[in-house]
Amino acid sequence: MGKADFLSPKAIGNRIKAKGLQKLRWYCQMCQKQCRDENGFKCHCMSESHQRQLLLASENPNQFMNYFSEEFKSDFLELLRRRFGTKRVHNNIVYNEYISHREHVHMNSTQWETLTDFTKWLGREGFCKVDETPKGWYIQYIDRDPETIRRQEELEKKKKQDMDDEERSAKFIEEQVRRGREGKEPEEEPVFTELKRKNEEEKIVFNLDVALAGPSKTSNTLGPSALKAAASAKRKESAHSGDSRDKKKKSALDEIIEMEEQKKKSVRSDHWIQANIVVKVITKRLGEKYYKKKAVIREVQNKYTAMVRMIDSGDKLKLDQSHLETVIPAPGKRVLILNGQYKDTEAILEGIDEHKFSATLKLDSGRMKGKTVEGIAYEDFSKLA
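Residues numbered from 1 in each chain as written. Predicted model: local features only at pLDDT ≥ 70, side-chain atom pairs only at ≥ 80, totals over all residues. Heavy atoms only, no water.

A few words on the packing of helix 4 (residues 61–84) against helix 6 (residues 115–125). At a minimum axis distance of 13 Å, the contact between helix 4 and helix 6 shows a crossing angle of 75°. Considered as vectors, helix 4 and helix 6 are oriented roughly perpendicular to each other. Packed against helix 4, whose contacting residues are Phe-72, Lys-73, Phe-76 and Leu-77, the element helix 6 presents Phe-118, Trp-121 and Leu-122 at the interface. Considered class by class, the residues forming the contact of helix 4 with helix 6 number 6 nonpolar, no polar and 1 charged. (Axes fitted to C-alpha atoms, helices over the stretch in contact; angles between N-to-C directions. Helix = DSSP H or I, 4+ residues; strand = E, 2+ residues; numbered from the N terminus. Parallel < 35°, antiparallel > 145°, perpendicular 65-115°, else oblique. Contact = heavy atoms within 4.5 Å. Nonpolar A, V, L, I, M, F, W, Y, C, P; charged D, E, K, R; others polar.)

Structure representation (structure tokens):
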């Protein structure tokens, strides 16, 4: 029988079958050969190449099984890490995505008979967190990358430091409240009584304070000198009360505000990258193409990771802040302060002190606009894009 035409339905169907996944029972892992049907698999098993592969496998079967098991494990974990990260996901979802690749290593050639056995093995070896639910087994990848572990330790350290600051502020407020309560004397609560008449003919009389009623009676008999003396006495009294208010002890709220402002001035943050600034790539891992080249930060992720666009080539890269450094422009150019007391403030570069590795900036935004600041370190500001 002649060969089918290239555009015939049979030829098209054969190409579709050859392109997609076939049945697992007609696949030979040793030869990595996929057969379309039972007859093709039978012919392959009788072939000379298959017989040679079986003879090689019979000499050391454990070696081949360990090799296939290691390949299956590494490819499965790489897909789990790249596709799902550290999210909790059903193991069957990952497995179905893994076997969708035609050239994958089949499980029937590994040391695990079922996907459940493989999932339990991942949990015992510490590669993943596994748990069984009524819907099946769920797995969660454990990222043991040194860079990821370092970032998690830094985040935990920063979170602990913030908690310590909050606890210190809470204790300070409690101390202020306690001291305020100790300084006050307990006030007597007023007692209110009902107005009652002993009989209907009795009149209700209000006793007013003589001190309040006195001035109204004697105001007509006071002369001009008496009025001047009263006015001067009033001014002295108001001045004395103003001084006493100034010397009065600061409230707990004022002390907390001052403490927060001092903390903002003294504490420096460990992340400095900002969007729309010019930086320089200082890592050699990307090759000489990007080393010592300038780029513009387009986006900041998780405070420590920057999405940059290279100025020369226009390539987009994702870099850590440790792989970048600030760029010092020529005097007269606009910069952005990245750390310290004037963080997030735009300024104009007026001069550079090369011996002290610092610069003089003139603030160009915020409440302190127009102020000249000296001694700003090179790493605390960068050129604006």
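Another aspect to go through is the sheet that holds strand 15 (residues 381–383). One open sheet holds the 5 strands; their spatial order is 14-13-12-11-15, and the pairing between them is antiparallel. The open sheet has two edge strands with one neighbour each: strand 14 (372–377) and strand 15. On average, each strand axis in the sheet is tilted by 45° relative to the strand beside it, whichever way the strands run. With 4 bridges connecting them, strand 13 (residues 358–363) and strand 14 associate as antiparallel partners. For Ser-358, the partnering residue across the bridge sits in strand 14 and is Ala-377. (Pairing = 2+ DSSP bridges.)

Let us now look at the nonpolar core. One finds Phe-72, Phe-76, Leu-80, Val-94 and Phe-118 to be the most contacted residues of the largest nonpolar core, which totals 21 residues. Sorting the residues of this core by element identifies helix 4, helix 5 (91–99), helix 6 and strand 5 (136–141) as the ones contributing at least two each. It is helix 4 that contributes the most residues to this core, 7 residues altogether. What Leu-80 contacts, discounting residues up to four positions off in sequence, is Gly-85, Val-89, Val-94, Cys-128, Ile-139 and Tyr-141. Grouped together as the second largest cluster of nonpolar side chains are 17 residues, Ile-273, Tyr-290, Ala-306 and Leu-317 included. (Core = buried A, V, L, I, M, F, W, Y, C linked by side-chain atoms within 4.5 Å. Buried < 20%, exposed > 50% of the residue type's maximum accessible area, 1.4 Å probe, protein only.)

Glancing now at the sheet that holds strand 7 (residues 294–301). Strands sit in the order 9-8-7-6-10 across an open sheet of 5 strands; the sheet is antiparallel. A single partner strand is all that each edge strand has here, and the edge strands are strand 9 (316–320) and strand 10 (324–326). Each strand of the sheet is rotated relative to its neighbour by a mean of 45°, with strand direction disregarded. Of the strand pairs in this sheet, strand 6 (residues 278–281) and strand 7 are connected by 3 bridges, and their pairing is antiparallel. By the bridge assignment, Lys-280 is partnered in strand 7 with Lys-294.

Counted according to the given criterion, the structure contains 9 salt bridges. For the salt bridge of Lys-73 with Glu-70, the shortest nitrogen-to-oxygen distance reads 3.1 Å. Remark: Glu-70 and Lys-73 occur in helix 4; sequence separation between them is 3 residues, near one turn of the helix. Taking relative accessible area as the criterion, Glu-70 reaches 44% and is therefore assigned partly exposed. Notably, a salt bridge pairs Arg-178 with Glu-175, separated by 2.3 Å at the nearest N-O pair. On the criterion of helical spacing, the pair formed by Arg-178 and Glu-175 is a turn pair, its members being 3 residues apart in helix 7 (residues 146–183). Looking at Arg-178, the relative accessible area reads 38%, which means it is partly exposed. Look at Glu-175 and you get partly exposed, because its relative accessible area is 33%. Residues joined in a network through salt bridges with shared partners are Glu-78, Arg-81 and Arg-82. (Salt bridge = Lys/Arg side-chain N within 4 Å of Asp/Glu carboxyl O.)

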